[in-house]
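# Notes for the structure review
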Amino acid sequence: MVEGQGNRNFQEPYRPQLHFSPAAGWMNDPNGMVYYEGEYHLFYQYYPDGTRWGPMHWGHAVSPDMVQWKHLPIALAPDEHGTIFSGSAVVDWRDTTGFFRGGSGLVAIFTQHDTDPGTGKQRQRQSLAYSSDKGRTWTMYAGNPVLSEPELADFRDPKVFWYEPKRQWVMVISAADHIRFYRSDDLKSWELTGQFGNDGQGSHDGVWECPDLFELPVDGGAAGLKKWVLIVSIGERPDLPEGSRTQYFVGSFDGDMFHNDNPAETVLWLDAGRDNYAGVTWSDIPEEDGRRLFIGWMSNWKYANLTPTDKWRGAMTIPRELRLYDSGQGVRLRQFPVRELEELRKSAVHVTSAALRDGERKLLIECGGLLDMEAQFEWDEGTSEIGLILRMSESESEETVIGLDTATLRLFADRTRSGDSGFHPLFACRHDAVLEEPAGERKLKLRMIMDRCSVEVFANDGSAVITDLVFPLARDKIRMEAYVNGGRATVQAEAIELQSIYSTE
Ligand code: FRU
């Protein structure tokens, strides 16, 4: 049961039952995620007075496990320096700021957005707020803003971390078409140390936003190898169908500057679905845990203001653990739903298998609609396509298909007939991810999490991910069929029903 929601029942049509969503109002990016004294904090871009993007605040929730969330009052509200855009939070363990009388506390570093009274132009500057009571109350720093670059119109979304080798704070921040790196001793005064990206690195299909930078072992540290990952979200551009999406770079970082391991033109997408944007990772996860934990905003600027919900709009992805592995083509990210999600498993487990031949489709599972499942496919040479058809509504004409073109190894999600899609002409679509697995193995492993308005697909141990919103006519059951085109295939599946985070079971 999620505390702090009075007697609201959170049962509106499409209300996520496994994912975080605000009780009411508009939500976009996750912000300020930090772990401190047994709590995972999640702040988020929030407009409390409507269900479309508006003057931004930081909403706030805490959780012992990233699954059950307790809603807390708004943490940061607009002030004389502007509205509160995206940013991060850190634990200031050594009181480098002097805010905590020698103890520790939380410091939020975020963008304030306003209009420059002198020029009448939009302005984005970086500010601090701090809390000595585990994030329950926040004080705006009297010296705000702490960092401004007047020549930059887009200068936002600071992600800050402590870089031990140089014993300094590092800020990674987006500046239209590149990322900047700053250093500081006290979080208050910042010095530019480097920049990355505007020499044609990666995708520039949209404005760069919401960066993150962290180090991870490759293949669990087997060969002692570690790499730095730079995450960069790229904004919506009206002439491209994909809308907003997130790329990442793999390379090295020396405390001042990031160096890309790959040729500039290599583009690595974090998620091949349409609905995982502005995601970043938690700060200050204890060393003995050691995970790099990520959450994204499960929507897309293409249509985020139009999705068919009433009282609230916006949800987060399932929290995920990020790992690096060597794919043979280079070092790449894998994503795994956090293990804490297993707490929601009910006793109903459906184990099934089927053998199919060309043109056949067979009912695999019919069960409750909140689901964590795994399926393994194997096929023979003549097979051209395999997949799962998900029916999440009574309507025979509604289905979402997750399939694989076995010749190209393209894993696709087809939501052209997935339910309500009339709110935007580009919502009904099919898109795909290339599996970076050796050709010729003829095996596919899928893990899928299904909620009331989303499907998250993690293929081959999270090496390809598709996160998609879908809006089927509400019903509590899923009917899942397997199909094969050409040749023969077998599928084995195990589906575990999950209980709602709002259930009292
Ligand atoms: C990304 C973003 C950020 C900005 C925030 C405003 O979705 O555009 O760059 O800080 O949303 O809400």
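Residues numbered from 1 in each chain as written. Predicted model: local features only at pLDDT ≥ 70, side-chain atom pairs only at ≥ 80, totals over all residues. Heavy atoms only, no water.

### Considerations on the site of the ligand
Around the ligand lies a shell of 13 residues, among which Asp29, Gln45, Arg156, Asp157 and Trp301 are the nearest. Asp157 is positioned with one of its side-chain polar atoms (N or O) 2.6 Å from an oxygen atom of the ligand. At 2.9 Å, a side-chain N or O of Glu209 approaches an oxygen atom of the ligand. Protein contact buries 95% of the 320 Å² of open area that the ligand shows by itself. Mapped onto the shell around the ligand, the elements with two or more residues apiece are β1 (25-36), β5 (83-91), β9 (156-163) and β13 (208-217). For the shell around the ligand, the residue count by class is six nonpolar, three polar and four charged. (Near = heavy atom within 4 Å. Polar contact = N/O pair within 3.5 Å; in protein donor to acceptor, adjacent residues only side chain to side chain. Areas by Shrake-Rupley, 256 points an atom, 1.4 Å probe, with all protein chains shown as cover. Helix = DSSP H or I, 4+ residues; strand = E, 2+ residues; numbered from the N terminus. Nonpolar A, V, L, I, M, F, W, Y, C, P; charged D, E, K, R; others polar.)

### A short note on the nonpolar core
Ranked by size, the top nonpolar core spans 39 residues in total, and within it Met373, Leu388, Leu411, Leu444 and Leu446 carry the most contacts. Counting residues per element, this core draws most heavily on strand β25 (residues 371-379), at five residues. Ala278, Val280, Trp282 and Ala304 belong to the second-largest nonpolar core, a separate cluster that totals 27 residues. (Core = buried A, V, L, I, M, F, W, Y, C linked by side-chain atoms within 4.5 Å. Buried < 20%, exposed > 50% of the residue type's maximum accessible area, 1.4 Å probe, protein only.)

### Remarks on the domain arrangement of the chain
By a widespread convention, an interface's size corresponds to the accessible area lost as its parts come together. Taken domain by domain, the chain holds domain 1 (23-337) and domain 2 (341-498). For domain 1 versus domain 2, the separation of C-alpha centres amounts to 31 Å. Each partner contributes to the interface: domain 1 provides 30 residues, whereas domain 2 provides 30 residues. Here domain 1 packs against domain 2, burying approximately 2600 Å² in sum over the two surfaces, 61% of which is carbon and sulfur. Seen at the junction of domain 1 and domain 2, the total is two salt bridges. The interface formed by domain 1 and domain 2 holds 15 residue pairs in polar contact (both at pLDDT 80 or more) in total. (Domains from an automatic or database assignment. Contact = heavy atoms within 4.5 Å. Buried area = accessible area lost by both parts, 1.4 Å probe. Salt bridge = Lys/Arg side-chain N within 4 Å of Asp/Glu carboxyl O.)

### Observations regarding unusual backbone geometry
Going from Asn144 to Pro145, the amide bond is cis rather than trans, its omega being -10°. Structurally, Pro145 can be placed in the loop between β8 (139-140) and β9. Of note, Lys134 is a non-glycine position whose phi angle comes to about 55°, a positive value. Locating Lys134 in the fold gives a position in the loop between β7 (122-131) and β8. The class of Lys134 is partly exposed, set by a relative accessible area of 30%. Even without glycine at this site, Arg442 takes up a positive phi of about 55°. Residue classification places Arg442 among the partly exposed positions, given a relative accessible area of 33%.

### Remarks on the packing of aromatic side chains
When we look at a pair of aromatic rings, we describe it by the centre distance and by the angle of the planes. If you walk through the whole model with that rule in mind, you get 35 aromatic pairs. Where Phe20 meets Tyr44, the ring centres are 5.4 Å apart and the plane angle is 55°; that geometry is what we call tilted. Here Tyr44 lies in strand β2 (residues 39-47) and Phe20 lies in the segment before β1, a separation of 24 residues in the sequence. For the pair Phe20 and Tyr44, a shared accessibility class is recorded, and that class is buried. The structure contains a cluster of three or more aromatic residues connected by ring pairs, namely Tyr14, Tyr303, Phe423, Phe427 and Phe471. Cation over ring: Arg94 sits above Trp162, and NZ or CZ is 4.5 Å from the ring centre. Sitting over the ring of Phe427, Arg415 keeps its end group 3.7 Å from the ring centre. (Phe/Tyr/Trp six-rings, centres within 6.5 Å; stacked < 30°, edge-to-face > 60°. Lys NZ or Arg CZ within 6 Å of the ring centre and 35° of its normal.)

### Notes on the sheet that holds strand β29 (residues 430-434)
Overall, antiparallel pairing links the six strands, which are arranged β24-β33-β26-β27-β28-β29 in an open sheet. The two strands at the open ends of the sheet, each matched to only one other strand, are β24 (361-368) and β29. Put simply, the sheet's adjacent strands are angled 15° from each other on average, direction ignored. In the sheet, β24 pairs with strand β33 (residues 477-485) via seven bridges, with the strands oriented antiparallel. The residue of β33 that forms the bridge with Ile365 is Met480. (Pairing = 2+ DSSP bridges. Axes fitted to C-alpha atoms, helices over the stretch in contact; angles between N-to-C directions.)

### Overview of the pattern of salt bridges
Within this structure, the stated rule accounts for 38 salt bridges. For the salt bridge of Arg479 with Glu481, the shortest nitrogen-to-oxygen distance reads 3.7 Å. In this structure Glu481 comes out as buried when scored by relative accessible area, which is 10%. A cluster of three or more residues bridged by salt bridges with shared partners is formed by Arg361, Glu366, Arg391, Glu399, Arg417, Arg479 and Glu481.

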